[in-house]
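Okay, here's what each chain looks like letter by letter:
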Amino acid sequence: MVEEERGPSTRVVGRERELAMLHAFLGAGRSQGAFVLTGGPGIGKTTLWEAAVDDARERRLRVLSARSSGAEAQLSFAALIDLLDGIDLKELAGLPAPQLRALQVALLQAEPVGVPAEPRAIAVGFLNVLRALAADAPLLVAVDDVQWLDAPSAEVLAFAARRLDIDAVGFLLARRSGGSTALELALERRGLERLEVVPLSLGAIRRLLSERLGLTVPRHLLRRILEATLGNPLFALELGRTLAERGLPEIGGDIPVPDTVEDLLGTRVARLPASVRRLLLAVALSADLRADQLAAIGSLAAVEDAVDAGLLLVDGGRIRASHPLLAAAAKKRSRARERRQLHLELARAVADQELRARHLALATELPDAELAATVTVASAAASERGARQEAVELAQHALRLTPLESTERSDRLLTLAVYLEVAGERQRITDLLTPELDSLSPGGPRVRAWLLLSEGGAIRSYDDHQQYFGRALLESGGDPALRAHVLARRAINTAAEGVERIIEAEAWALEALPEAARAGPEVERLALRGLGWARSLRGRPIDDVCERFRAASDTASHIIDSPEPVAGLRLVWRGDVKQARVTLTRFLSLADERGEAVSYAWLRLNMCELELRAGEWDAVSRRLDEWAETDDGRLLITPTYQRCRALLAAGRGLAHEAERWATPALADAETRGYRWQVLESLRALGLAALLAHEPARAVESLRRVWEHMQREGVDEPGAFPVAPDLVEALVEVGELGEGLAVTARLRELSEQQEHPWGLATAMRCGALVQLAGDRYQEEAAAALAQAASDYGGLGLRFDRARSLLGLGRGQRRLKKWGAARASLEEAAVAFEEIGSPGWVEEVRSELARVGARRPQPSGELTKAEQRVVELAAEGLSNKAIASALHVTVNTVEVHLSHAYAKLGVRSRAQLAGRLSDGS
């Protein structure tokens, strides 16, 4: 044992290596990075975790700790409550009021008022709490039994782990063996260390039995104990206690080890005095019991006996099982009647109203109208404070307890479906409502059901949505308010998902608006949002729509329901990058602060699209990495992420990678009919084909996008900015007439809309077609150069570089060698600056055909060359450099070759020397 670990080491047997690793992790008062202990039940994870927590406290680290349990897994924010126990949130400087309020409601320190607290507001608040606490002293966040974390707490912890930008916060986790949790994935970038806690050795088992129980056994029996328990210390101790009570078996006799671990624990539970076993069952049935509450179930003497027997532990003011499996075994060995009676007693003992309602519900088998009403109120309260899982569980009980003939049943059924939708339980919505449809009253209830089912688990495609809207519309009959609700939802879906019948979608939204204003703010907001989408796709302003939305809404309205973010996206389409970034960043920050998960996911997608247009590849990559590390997959369909990755790869000039992402995205989106993703996937494939010098294939993909836009009324040329790529591909295959037709249509729309991106792009397209002729036209070259300049003024760096490449190619083809060389060298610099190595290679290939000048030894390194030589000087291989910079090995070799020439060196050693000299 290490002397510095004298406290923990007296309790831990046979774990010297593990203790040393934990000791090194904590360092000399240091708290950063993350460490996770994994292993089977009872293997000793908790003991090691406790030792590390004690060690951290001895080092003067501040520790926030939580112990999860199966009983608490269904209680929202249970772990968060434990972590922040004793922390006065009001004293923390800099915690915004919305975050403070959301945290107080989640921690049951304040009553919910108004709109339910959004999970992201709670998560951002917790993140800022960690930052504030770590400003005073190094901080360790320690969570035991992560696999039993309640879902809301797990989401909050993962959110904070992904965004922590300081090193003074460390994480210590313990969980059962198995797949990594979302929290661990979020901690990967912080240098996550893993330690699988392995079974104890024969010698360690012997020491354990001797030191803890004073039991000495023959070696042959010791081996049998090791084999029967698989080296699990908890189970070895339980078996040892059994042997101490019954005596050692004779040679050849059976040792009292059940076939399974659960049987072993159950055997001990069955042998407990009834009073103690009842307390263990109470702990299993109700989390967060305190000593006085548990004593009310049994007696103080029984509680003390259970603690003395090592069954229960006192943790602060709370009582918990010494191991969760003991509590689970007690529950397994109990009878339903016994559990119902105990739930009834627990309902009298606990103070929390929601928990009391839950115990009363679990204690009751038959319908009870009065209790159903009580549980309904508790469910609504849970929903208001953002406890999604508790709201669902209580709503299920409320429905179960509601008599079949009750007039309240339909409303409680639909309320449960709403809570399931909020909780992301789409399949359960379908399972719940489908068999109940016929029993619902015609009109309003059935319309609500069909609209809820349109978001259910049976939805596999865009057409499925439309079918449900059609059924809801038929069910609405002649009720104008119901019809308005359906038409508003249908307008949004048709425009934003189907990208079809845009004029009709606008008409539906306009038809819904007059009645929607009378039907209620929710319907009016939906209609305005649908109108905003349709008009934006038609290339029309929506300032008046946004103004009306603001007048019809309060500050608590969800951001995603507003047309204002659509107005921000419209700025992206028009090429107004600066203003678009201001607008979308503001809404993204607001969604983050409020904790609106769906709004945040969509706005992050919009920001990705903005940065893709601007050529900010690193910013796109960071957002997509965040996306991949979260559960926005349940919020946005898979092809959405894939096509963004494809467009990023295409922007970097990695044709193969772009196709690898776009191909499955297109297949999935086409199968399911989500045309927005179909069109963007086709655009990515078209770009990849251009990079691969397959213009005919590019035309095939890009033409489909252009024709769809014309056919369905998408007159906004920047919504799917396919025109310049299509014209370039058409020029390559010699279809100049079609190229001129596309250009003419683009120019017409752009002039009508005074569209900045469209006007610059029409100039670019027209010049590309002219430069494809047999005679060099100076005015065409000047126009293309002007288009590049206009793109630069808008902040569209990728479009600028592409225009310079197109100009250089045209000049090279018509043998204007000097002009071509100048244009291509400028293009190479532009692509290097935004980090597009594949496009740089394209430019180098063109330069080779005009006899480009070789780099001079005295030349300055480009940014791309500088990044490569710095990594090379550190000793990285070309392959490693390529992986780090997301480029090809060939690109690395090209950059090194140019850098060697510019710096006048011939080897990596000389290169490192030059860099160390500051040359």
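Sequence order sets the numbering: in each chain, residues are counted from 1 along the sequence as written. Local features in this predicted model are restricted to residues of pLDDT 70 or higher, and side-chain atom pairs are both shown and tallied only at a pLDDT of 80 or more, whereas totals for entire chains, interfaces and linings draw on every residue. Only heavy atoms go into the side-chain values, all of them from the structure, while hydrogens and water stay out.

1. Brief notes about the overall build of the protein
Put simply, DSSP H or I for four residues or longer makes a helix, DSSP E for two residues or longer makes a strand, and each gets a number counted from the N terminus. Of the regular secondary structure elements, the protein holds 47 helices and seven strands. Here the protein, with 919 residues, has 56% of them falling under the buried criterion. Any two residues whose heavy atoms approach within 4.5 Å are treated as being in contact. A sequence separation of at least 24 residues applies to 67% of the contacts in the protein between residues at least 6 apart. Taken as a whole, the protein presents about 37900 Å² of accessible surface, with 50% of it coming from carbon and sulfur. When accessible area is computed with a 1.4 Å probe and restricted to protein chains, residues below 20% of their type maximum are described as buried, those above 50% as exposed, and intermediate ones as partly exposed. Per-residue and other accessible areas follow the Shrake-Rupley method at a 1.4 Å probe size, with only the shown protein chains counted as cover for residues.

2. Some thoughts on the packing of helix H39 (residues 756-771) against helix H41 (residues 797-813)
Interaxial angles span 0 to 180 degrees and are taken between N-to-C directions of axes, which are lines fitted to C-alpha atoms, for helices over the stretch in contact. Packing of H39 against H41 brings their axes to within 10 Å, and their N-to-C directions diverge by 15°. Here H39 is positioned roughly parallel relative to H41, judged by the angle of their axes. In terms of crossing hand, the pair formed by H39 and H41 is left-handed. Of the residues in H41, those in contact with Trp-757, Arg-764, Leu-768 and Leu-771 of H39 are Asp-799, Arg-802, Ser-803, Gly-806, Leu-807, Gly-810 and Arg-813. Ten residues, namely Ala, Val, Leu, Ile, Met, Phe, Trp, Tyr, Cys and Pro, are considered nonpolar, four, namely Asp, Glu, Lys and Arg, are considered charged, and the remaining ones, Gly among them, are considered polar. When the residues that make up the contact of H39 with H41 are grouped by side-chain class, the tally is four nonpolar, three polar and four charged. Note that the term roughly parallel is reserved for angles under 35 degrees, roughly antiparallel for angles over 145, roughly perpendicular for angles of 65 to 115, and oblique for everything else. Crossings are classed by handedness, with left-handed meaning an anticlockwise turn of the near helix from the far one by less than a right angle and right-handed meaning a clockwise turn.

3. Concerning the nonpolar core
Core analysis: the biggest nonpolar cluster contains 161 residues, and Leu-433, Phe-720 and Phe-831 have the highest contact counts within it. With eleven residues, helix H35 (residues 675-691) is the single largest residue contributor to this core. Non-local contacts of Phe-831, meaning those with residues more than four positions away in its chain, are made with Phe-798, Ala-801, Arg-802, Leu-805, Ser-836, Trp-839, Val-840 and Val-843. If you look at the next biggest cluster of nonpolar residues, it comprises 47 residues, including Leu-89, Leu-103, Ala-160 and Leu-192. Put simply, buried Ala, Val, Leu, Ile, Met, Phe, Trp, Tyr and Cys residues joined by side-chain atoms within 4.5 Å make one nonpolar core.

4. Some thoughts on helix H18 (residues 353-362)
All of the buried residues along H18 are Glu-354, Leu-355, Ala-357, Arg-358, His-359 and Ala-361. Here a polar contact means two N or O atoms within 3.5 Å. Within protein one must be a hydrogen donor candidate and the other an acceptor candidate, and residues neighboring in sequence count only if both atoms are side-chain atoms. You can read the cap of H18 off the contacts: a side-chain oxygen lies 3.2 Å from the backbone nitrogen of Glu-354, and it is on Asp-352.

5. Here we look at the sheet that holds strand S4 (residues 169-176)
Think of it this way: DSSP has to see at least two bridges between two strands before they count as a pair. Strands sit in the order S2-S3-S4-S1-S5 across an open sheet of five strands; the sheet is parallel. The open sheet terminates on both sides in strands that have one partner only, identified here as strand S2 (62-67) and strand S5 (192-196). Going across the sheet, the axis of each strand differs from the next one's by a mean of 15°, ignoring polarity. Relative to S4, strand S3 (residues 139-144) runs parallel, the two being bridged by five bridges. Pairing of Val-141 across the sheet is with Phe-171, part of S4. Where helix H3 (residues 45-58) meets the sheet, its contacts fall on strand S1 (33-39), S2, S3 and S4, and the angle it forms with S2 comes to roughly 160°. Against the sheet, helix H6 (residues 119-134) makes contact with S2, S3 and S4, and its axis sits at roughly 130° relative to S3, the strand it touches most.

6. Section: the side chain of Ser-153
Within the element layout of this structure, Ser-153 appears in helix H7 (residues 151-163). Separated by 3.4 Å, the side chain of Ser-153 and the backbone nitrogen of Ala-79 make a polar contact. Residues within four places of Ser-153 in sequence aside, it is in contact with Phe-77, Ala-78, Ala-79 and Leu-80.

7. Some thoughts on the pattern of salt bridges
For side chains bearing opposite charge, pairing can occur when the charged atoms are close. Salt bridge, as applied in this entry: a Lys or Arg side-chain nitrogen positioned within 4 Å of an Asp or Glu carboxyl oxygen. Tallying each qualifying case throughout the model produces 50 salt bridges. Asp-411 is the partner of Arg-448 in a salt bridge, and the nearest nitrogen-oxygen pair spans 3.4 Å. Of the two residues, Arg-448 is situated in helix H23 (residues 444-453) and Asp-411 in helix H21 (residues 409-422); the sequence distance between them amounts to 37 residues. Here Glu-504 and Arg-501 are joined by a salt bridge, their closest N and O atoms 3.2 Å apart. One connected set of salt bridges, linked through shared partners, spans Asp-725, Glu-728, Arg-802, Arg-809, Arg-812, Glu-842 and Glu-846.

8. Description of unusual backbone geometry
Here the phi dihedral of Leu-108 falls at roughly 65°; this positive angle occurs in a residue that is not glycine. Among the structural elements, Leu-108 can be located in the loop between helix H5 (97-106) and H6. On the basis of relative accessibility, which here comes to 44%, the residue Leu-108 falls in the partly exposed class. You will see that Lys-815, though not glycine, has its phi angle at about 65°, which is positive. Checked against the element boundaries, Lys-815 lands in the loop between H41 and helix H42 (817-834).

9. What to know about the environment of Ala-828
Relative to the elements of secondary structure, Ala-828 occurs in helix H42. With a relative accessible area of 3%, Ala-828 lands in the buried category. Separated by 24 residues in the primary sequence, Ala-828 and Leu-804 place their C-alpha atoms 8.9 Å from one another. In contact with Ala-828, not counting residues within four places along its chain, are Val-840, Val-843 and Arg-844.

10. Examining the side chain of Asn-493
Relative to the helices and strands, Asn-493 is located in helix H25 (residues 480-498). Classification of Asn-493 by relative accessible area gives buried; the value is 8%. Setting aside residues up to four positions removed in sequence, Asn-493 forms contacts with Tyr-462, His-465, Gln-466, Phe-469 and Gly-498.

11. Things to note about the packing of aromatic side chains
Any Phe, Tyr or Trp ring, taking Trp's six-membered ring, that has another such ring centre within 6.5 Å forms a pair; planes under 30 degrees apart are called stacked, those over 60 apart edge-to-face, and the others tilted. Within this structure, the stated rule accounts for ten aromatic pairs. Judged by centre distance (5.7 Å) and plane angle (85°), the ring pair of Trp-533 and Trp-676 falls under edge-to-face. Remark: Trp-676 occurs in helix H35 and Trp-533 occurs in helix H27 (residues 521-537); sequence separation between them is 143 residues. Considered together, Trp-533 and Trp-676 belong to a single accessibility category, that of buried residues. Aromatic side chains Trp-676 and Phe-720 sit 4.8 Å apart centroid to centroid with 55° between the ring planes, which places their arrangement in the tilted category. On the criterion of sequence distance, the pair formed by Trp-676 in helix H35 and Phe-720 in the loop between helix H36 (695-712) and helix H37 (723-733) is long-range, its members being 44 residues apart. Each member of the pair Trp-676 and Phe-720 is classed as buried. Connected via pairs of aromatic rings, a cluster forms that spans Trp-533, Trp-573, Trp-676 and Phe-720. In this scheme, the term charge over a ring applies when either NZ of a lysine or CZ of an arginine sits within 6 Å of the ring centre and within 35 degrees of the ring normal. Sitting over the ring of Trp-508, Arg-490 keeps its end group 4.8 Å from the ring centre.

12. Things to note about helix H13 (residues 274-285)
Look at H13: 16 Å from first C-alpha to last across twelve residues, which is about the 16 Å you get at 1.5 Å a residue. Turning to H13, its buried residues are Val-276, Leu-279, Leu-280, Leu-281, Ala-282, Val-283, Ala-284 and Leu-285. For a helix, the expected span equals 1.5 Å multiplied by the number of residues minus one.

13. As for the environment of Ala-496
By secondary structure assignment, the location of Ala-496 is in helix H25. Sequence separation of Ala-496 and Leu-537 is 41 residues, and the distance between their C-alpha atoms is 8.9 Å. Those residues in contact with Ala-496, other than ones at most four positions away along the chain, are Trp-533 and Trp-676.

14. Things to note about the confidence of the model for the protein
The pLDDT value tells you how sure the predictor is about a given residue, anywhere from 0 up to 100. This prediction gives the protein a mean pLDDT of 85; 88% of its residues lie at or above 70. Scored below 50 in pLDDT, residues 1-10 shows 14 contacts in the model against residues more than four places distant or in partner chains. The low-confidence segment residues 854-858, where pLDDT is below 50, has ten contacts with residues more than four positions distant or belonging to other chains.

15. A closer look at the packing of helix H33 (residues 638-652) against H35
Running from amino to carboxyl end, H33 crosses H35 at an angle of 25°, the nearest separation of the two axes being 9 Å. Judged on the interaxial angle alone, H35 and H33 are roughly parallel. The way H33 lies across H35 gives a crossing that is left-handed. Contacts between H33 and H35 pair Pro-639, Thr-640, Arg-643, Ala-646, Leu-647 and Ala-650 from the former with Trp-676, Gln-677, Glu-680, Ser-681, Arg-683, Ala-684, Leu-687 and Leu-691 from the latter. Residue composition of the contact of H33 with H35, by class: eight nonpolar, three polar and three charged.

16. Structural notes on the state of the cysteines
In plain terms, two cysteine sulfur atoms within 2.5 Å form what is called a disulfide here. In total, this model carries zero disulfides according to the counting rule given. We note that Cys-608 lacks a disulfide partner, and the nearest cysteine sulfur, in Cys-644, lies 5.3 Å from it.

17. Considerations on the environment of Ala-669
Position of Ala-669 relative to the elements: it lies in helix H34 (residues 655-672). The residues contacting Ala-669, other than those within four sequence positions of it, are Pro-639, Tyr-674, Gln-677 and Val-678.

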